[in-house]
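# Analysis of the macromolecular model
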Amino acid sequence: MGVSGAFVHLHLHSQYSLLDGTIKIDQLIRKVIDLKMPAVAITDHGAMMGTIEFYEKARKAGIKPIIGVELYVATGSRFDKKIEPGSDRAYHLIVLAETNEGYQNLLKLVSLANVEGYYYKPRVDKESLRRHSAGLIASSACLQGEIPKALNEGGLEKAESILREYKEIFGAGNFFIEIQDNGLEEQYKTNAKLIELARKTDTPLIATNDAHYLNREDHKLHEILLCLQTGKTIGDEKRMKFDSTDFYVKSAEEFEKA
């Protein structure tokens, strides 16, 4: 997304996305300075443990800190703890604080997710989003977001209905359709559908990279974290892994080419 004409990372997982992110705050700030980016966001999975460290170190370095979370949104009520086997337990949603009120609402949502909605993951639901949406902007997230999944499994009409609901929750100008350049074939196919949906509904687009590690060569470290998370070994061919090494903090030039 552009701020003062520059690309800014708005979907990024720090080391506080436990067993899924490897990016340390100090290293992130140094890289953002090297890349001459004016701002950066962190959007850890369902948590805000790194917020204070990130905010203070970014401000000290002259970088605008954008505080966010990648929330897990329950498929129904956050109180529902009985999900049919094989069905989705939650969708991903990127939410960023635009104001101090938005920051307070992010804190409330993360607290609700952990205290009331925890079921495998800390989950919010549409009801809690409606109550705490002021001062927030949101985007459709990765392939695990509700809108991308609807496009791939239910078609344009279903996705459009879900998009209308999110616009009603956050406000038409506060919800974005997110496209990514991450080296995944499924993502590129989905990007075309997302762009079509954005044009049809006059919804603004943002481009992100869903960064999980700082540099491309760090992907091996991320694979080890995923093995720890899932109880697998590197030698297990069926282990969970990303089918790309593109989930790093890319430069503006790399995104312009993409």
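Here is a short report on the structure shown in this document.

Rules used throughout
Residues numbered from 1 in each chain as written. Predicted model: local features only at pLDDT ≥ 70, side-chain atom pairs only at ≥ 80, totals over all residues. Heavy atoms only, no water. Salt bridge = Lys/Arg side-chain N within 4 Å of Asp/Glu carboxyl O. Helix = DSSP H or I, 4+ residues; strand = E, 2+ residues; numbered from the N terminus. Buried < 20%, exposed > 50% of the residue type's maximum accessible area, 1.4 Å probe, protein only. Pairing = 2+ DSSP bridges. Phe/Tyr/Trp six-rings, centres within 6.5 Å; stacked < 30°, edge-to-face > 60°. Lys NZ or Arg CZ within 6 Å of the ring centre and 35° of its normal. Patch = residues over 30% accessible without salt bridge, like charges linked within 9 Å, V, L, I, M, F, W, Y side chains within 5 Å. Areas by Shrake-Rupley, 256 points an atom, 1.4 Å probe, with all protein chains shown as cover.

Moving on, we come to the pattern of salt bridges. A full pass over the atoms with the stated rule returns 16 salt bridges. In this structure, the salt-bridge partner of glutamate 116 is arginine 78, at a minimum N-O distance of 2.7 Å. Of the two residues, glutamate 116 sits in the loop between α3 (100-115) and β6 (123-124) while arginine 78 sits in the loop between β4 (64-74) and β5 (90-97), which places them 38 residues apart along the sequence. When its relative accessible area of 4% is taken as the criterion, arginine 78 is described as buried.

Once that is clear, we can look at the pairing of strand β7 (residues 136-139). Alternating positions in β7 separate into two faces, Leu136 and Ala138 on one and Ile137 and Ser139 on the other, with burial throughout. As paired strands, β5 and β7 are joined by four bridges and run antiparallel to one another. From the neighbouring strand, valine 95 faces β7, where its bridge partner is alanine 138. In this sheet, strand β8 (residues 175-180) lies alongside β7 in parallel orientation, the contact comprising two bridges. Across the sheet, residue alanine 138 finds its bridge partner in β8, namely phenylalanine 175.

For the rest of this paragraph, the subject is the packing of aromatic side chains. Under the defined criterion, the tally for this structure stands at four aromatic pairs. Ring centres of tyrosine 166 and phenylalanine 175 lie 5.2 Å apart, and the angle between their planes is 5°; this geometry places the pair in the stacked category. A residue is classified by how much of its surface remains accessible, and phenylalanine 175, at 0% relative accessible area, is buried. Ring centres 6.3 Å apart and planes at 25° place the aromatic pair phenylalanine 170 and phenylalanine 175 in the stacked group. Owing to a relative accessible area of 5%, phenylalanine 170 belongs among the buried residues under this scheme. What links up through ring pairs into an aromatic cluster is the set Tyr166, Phe170 and Phe175. Its end group placed over the ring of tyrosine 120, arginine 89 keeps NZ or CZ at 3.5 Å from the ring centre. In this structure, lysine 126 is placed above the aromatic ring of tyrosine 166, and the distance from its NZ or CZ to the ring centre is 5.0 Å.

Residues Leu18, Leu19 and Met49 make up a contiguous nonpolar surface patch of roughly 300 Å² in combined accessible area. Considering the arrangement of structural elements, one finds leucine 18 in the loop between β2 (6-7) and α1 (25-34). Owing to a relative accessible area of 58%, leucine 18 belongs among the exposed residues under this scheme.

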